[in-house]
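Given next are the chains, with one letter for each unit.
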Amino acid sequence: MSSQTSSHKPRVAVVFGGRSSEHGISVVTAGAVMRAIDREKYDVLPIGITTDGRWALTADDPERMAIADRQLPTVAALAESTEGGVVLPVDPTNREIVYTEPGSVPKALGEVDVVFPVLHGPYGEDGTLQGLLELSGVPYVGSGVLASAVGQDKDYMKRVFTSFGLPVGPYEVIRPREWEKDPAAARKKIVDFAGDHGWPLFVKPARAGSSIGITKVDDLAGLDEAIEEARRHDPKVIVEALLRGREIECGVLEFEDGPRASVPAEIPPVTAHDFYDFEAKYIDSADGIVPAPLTPEQTAEVQRLAVEAFEAASCEGLVRADFFLQDNGEFVINEINTLPGFTPISMYPRMWQESGVSYPELIDRLLQAALTRSTGLR
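## Some remarks on the nonpolar core
Thinking step 1. Membership of the largest hydrophobic core comes to 36 residues, with the highest contact counts inside it found for Val14, Phe16, Phe116, Phe342 and Ile363.
Thinking step 2. Listed by contribution, the elements that provide at least two residues to this core are strand 1 (11-17), helix 1 (23-36), helix 2 (75-78), strand 7 (114-117), strand 12 (245-255), helix 11 (347-354) and helix 12 (359-372).
Thinking step 3. It is helix 12 that provides the largest number of residues to this core, a total of seven residues.
Thinking step 4. Once you skip the residues sitting within four places of it in the chain, phenylalanine 342 turns out to touch Thr29, Ala32, Val33, Leu318, Tyr348, Pro349, Tyr359, Leu362, Ile363 and Leu366.
Thinking step 5. In this structure, Leu294, Val302, Cys315 and Val319 belong to the second largest nonpolar core, which totals 26 residues.

## Description of the confidence of the model for the protein chain
Thinking step 1. Taken over all residues, the pLDDT of the protein chain has a mean of 90, while the share at 70 or more is 92%.
Thinking step 2. This model gives residues 1-6 a pLDDT under 50, and the stretch forms 13 contacts once residues within four places in sequence are excluded.
Thinking step 3. Below pLDDT 50 for its whole length, residues 280-285 participates in 21 contacts with residues either more than four positions away or in separate chains.

## Description of the sheet that holds strand 11 (residues 237-241)
Thinking step 1. With antiparallel pairing, the four strands of this open sheet are ordered in space as 8-11-9-10. Looking along the sheet, the strands with just one partner apiece sit at the ends: strand 8 (171-174) and strand 10 (215-217). Neighbour-to-neighbour, the strand axes of this sheet turn through a mean angle of 25°, independent of strand direction.
Thinking step 2. Bridge count for strand 8 against strand 11 is four bridges, and the pairing is antiparallel. Paired with tyrosine 171 across the two strands is glutamate 240, which belongs to strand 11.

## Examining the sheet that holds strand 1
Thinking step 1. Taken together, the four strands give an open sheet; going across it, the order is 3-2-1-7, and neighbouring strands pair in mixed fashion. The open sheet has two edge strands, strand 3 (55-57) and strand 7, and neither has a second partner. Mean inter-strand twist for the sheet, computed between neighbouring axes without regard to direction, equals 30°.
Thinking step 2. With four bridges joining them, strand 1 and strand 7 adopt parallel strand pairing. Note that in strand 7 the partner of alanine 13 across the bridge is valine 115.
Thinking step 3. Along the sheet, helix 1 contacts strand 1, strand 2 (43-49) and strand 7; its crossing angle with strand 1, the most-contacted strand, is approximately 155°.

## Topic: the packing of aromatic side chains
Thinking step 1. All told, the structure shown has five aromatic pairs when counted by the stated rule.
Thinking step 2. Here the aromatic rings of phenylalanine 255 and tryptophan 352 are separated by 5.9 Å at their centres, their planes lie at 50°, and the arrangement is tilted. You can see phenylalanine 255 sitting in strand 12 and its partner tryptophan 352 sitting in helix 11, a full 97 residues away along the chain.
Thinking step 3. Pairwise contacts between aromatic rings join Phe116, Phe342, Tyr348 and Tyr359 into one cluster.
Thinking step 4. The ring of tyrosine 123 has arginine 19 sitting right over it, with the charged end atom 3.9 Å from the ring centre.
Thinking step 5. The side chain of arginine 159 reaches across the aromatic face of tyrosine 156, ending 5.6 Å from its centre.

## Concerning the pairing of strand 11
Thinking step 1. With respect to burial, strand 11 is a largely interior element, five of its five residues being buried.
Thinking step 2. Looking at chain direction, strand 9 (residues 201-205) and strand 11 are connected through five bridges and run antiparallel. Bridge pairing links phenylalanine 202 to glutamate 240 in strand 11.

## Focus: the pattern of salt bridges
Thinking step 1. As enumerated under the stated definition, the model contains 30 salt bridges in all.
Thinking step 2. Taking the shortest distance from any N to any O, the salt bridge between lysine 189 and glutamate 172 comes out at 3.8 Å. Taken as a pair, lysine 189 in helix 7 (residues 183-197) and glutamate 172 in strand 8 lie far apart in primary sequence, 17 residues in all.
Thinking step 3. According to the relative accessible area criterion, lysine 189 is partly exposed, its value standing at 25%.
Thinking step 4. Relative accessible area serves as the criterion here: at 24%, glutamate 172 is assigned to the partly exposed category.
Thinking step 5. Salt bridges linked by common partners bring Glu134, Glu254, Glu316, Arg373 and Arg378 together as one network.

Cut-offs used in this document
- Residues numbered from 1 in each chain as written.
- Predicted model: local features only at pLDDT ≥ 70, side-chain atom pairs only at ≥ 80, totals over all residues.
- Heavy atoms only, no water.
- Core = buried A, V, L, I, M, F, W, Y, C linked by side-chain atoms within 4.5 Å.
- Buried < 20%, exposed > 50% of the residue type's maximum accessible area, 1.4 Å probe, protein only.
- Helix = DSSP H or I, 4+ residues; strand = E, 2+ residues; numbered from the N terminus.
- Contact = heavy atoms within 4.5 Å.
- pLDDT = per-residue confidence, 0-100.
- Pairing = 2+ DSSP bridges.
- Axes fitted to C-alpha atoms, helices over the stretch in contact; angles between N-to-C directions.
- Phe/Tyr/Trp six-rings, centres within 6.5 Å; stacked < 30°, edge-to-face > 60°.
- Lys NZ or Arg CZ within 6 Å of the ring centre and 35° of its normal.
- Salt bridge = Lys/Arg side-chain N within 4 Å of Asp/Glu carboxyl O.

Put into structure tokens, the structure is as follows:
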């Protein structure tokens, strides 16, 4: 049933949680999104994915989805059942969501018009969920399979940016077989990289976000431990040189006439942390400066680069692009996030709020764009 030809309110399935290490922050993001959705205009069906991959029916209770006592919420705590599961049929002619529970007759939950995925990291933000939704023929918010995969993998993201002439900082990649078969050779590759670019280095999981699994390494002594920490989240590791300068972020949102950039924000140096890590972002609520104190020329340049990054990766809907403004005055793109955080302190909605797009309007614009966009090749 198409929401464009029916008088009923479009039904939004908000899908959150997931199997990645960003499970908890995804739940927090979903709570914020569900609070902002206009219930006069949309029906909402919350679907949580547990850390072991079960699709669970959860209560529509955003208040239980917030950080409490420095603890992140989980889908398991919100699920209406410990065994029941939600099934999305992989059939473009049928958008009927079904709920099954052992020993009970499957229950139809009705059709879904659009999915708002607020999953972060692998198994959700990386094109896997987007592929399932393409097979099911269900419209969804955000980028498609390719852009989502590119946006998740920092290695290939940087390769795409480089091919489009966007400025990227120095980096090295340690692939799984390299570390497993010959760690001494992999270690030497990083030491040689440090010889060219200096210490400290940042050792990161190649396909994770929210600053999880990242270690700032000051010398060779901490390297192996940093690699193993990154590999706890992803067997592929990326090593980046320290870029001295200011951290600048910029939001991109797709309008009817194409993508536009928000006013940029600046992430000030955090004094209680070595860098802008997970604790600083989500637990200790580091304050970003919106708008960033830049010259008009710098603002225009970072906005141009953000839109170019959006286009280079074939993104749709929304992106947060992160940059370093180096001491020499040049911008370098660090990464893009195709499903940036929507928590109350997240930079993406704050940048658009400052640009004249309120939080509810932002959510509505994303849903309307998804409802009018076709699935499949486009």
